[in-house]
Amino acid sequence: MSKALAKAKGFKKSKSGTYLSMATTAFGAVSVAKQVKKARFEHDTLRLIDAAVSAAAIVTGLAILYRELKRLGDDDVLLG
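Residues numbered from 1 in each chain as written. Predicted model: local features only at pLDDT ≥ 70, side-chain atom pairs only at ≥ 80, totals over all residues. Heavy atoms only, no water.

An account of the packing of helix 2 (residues 15-42) against helix 3 (residues 45-72) is needed here, citing residue identities and associated values.
In helix packing, the relevant descriptors are the interaxial angle and the interaxial distance, both defined with respect to the helix axes. Here helix 2 crosses helix 3 at 165°, and the two axes come no closer than 9 Å. Classified by the angle between their axes, helix 2 and helix 3 sit roughly antiparallel to one another. In terms of crossing hand, the pair formed by helix 2 and helix 3 is left-handed. (Axes fitted to C-alpha atoms, helices over the stretch in contact; angles between N-to-C directions. Helix = DSSP H or I, 4+ residues; strand = E, 2+ residues; numbered from the N terminus. Parallel < 35°, antiparallel > 145°, perpendicular 65-115°, else oblique. Left-handed = near helix turned anticlockwise from the far one by under 90°.)

Written out as structure tokens, the structure is:
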């Protein structure tokens with residue numbers, strides 16, 4: 001396995017990879033916001049509940065990624 005490929009595999013466990021994961025997870029909030037807006041406009045309770053559950057999943061995912069980021073500390077795979 002080449003050194004570049006090894007670095008690419010370690011990207012997910014790096015600070016940069018974690019930040020990228022957090023950004024893509026947070027981007028899902030845009031979709032949830034649109035879903036909430038549409039549900040309120042149509043007075044659709046079931047879609048509103050679905051949006052709330054999706055929002056909870058996004059918040060939980062961000063919390064897990066934040067915890068992982070704190071665990072990484074100075075042990076960044078790409079820097080070493």
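Following the structure, the description resumes.
Describe the pattern of salt bridges, listing the residues and the values that go with them.
Scanning the model with the defined rule gives two salt bridges in all. Of the charged contacts in the structure, one is a salt bridge between Glu42 and Arg47, with a shortest N-O distance of 3.4 Å. We classify Glu42 as partly exposed; its relative accessible area is 40%. Exposure remark for Arg47: the relative accessible area of 33% places this residue in the partly exposed category. Here Arg47 makes a salt bridge to Asp44, at a shortest N to O gap of 3.6 Å. Several salt bridges converge on common partners, so that one network encompasses Glu42, Asp44 and Arg47. (Salt bridge = Lys/Arg side-chain N within 4 Å of Asp/Glu carboxyl O. Buried < 20%, exposed > 50% of the residue type's maximum accessible area, 1.4 Å probe, protein only.)

Kindly report on the confidence of the model for the protein chain, identifying the contributing residues and their values.
Scored by pLDDT, the protein chain comes out at a mean of 83, with 75% of its residues at no less than 70. Taken element by element, the predicted model of the protein chain shows its lowest mean pLDDT in helix 1 (residues 3-10) (60) and its highest in helix 3 (93). (pLDDT = per-residue confidence, 0-100.)

I'd like to hear about helix 3, residue by residue, with values.
With 28 residues, helix 3 ought to run about 40 Å at 1.5 Å a step, and its terminal C-alpha atoms sit 41 Å apart, in line with that. Of the surrounding elements, those touching the buried residues of helix 3 are helix 2. The distance from a side-chain oxygen at the start of helix 3 to the backbone nitrogen of Leu46 is 3.3 Å, and the residue carrying that oxygen is Asp44. Following helix 3 by one or two positions, Gly73 adopts a phi angle in the positive range, close to 55°. (Expected span 1.5 Å × (residues − 1). Contact = heavy atoms within 4.5 Å. Polar contact = N/O pair within 3.5 Å; in protein donor to acceptor, adjacent residues only side chain to side chain.)

Describe helix 2, with residues and values.
Across its 28 residues, helix 2 extends 41 Å between first and last C-alpha, which sits within 8% of the 40 Å expected from 1.5 Å per residue. Those residues of helix 2 that fall on the buried side of the exposure criterion are Gly17, Thr18, Met22, Val32 and Ala39. Of the surrounding secondary structure, the elements contacted by the buried residues of helix 2 are helix 3. One or two steps after helix 2, the chain reaches His43, where phi turns positive at roughly 55°.

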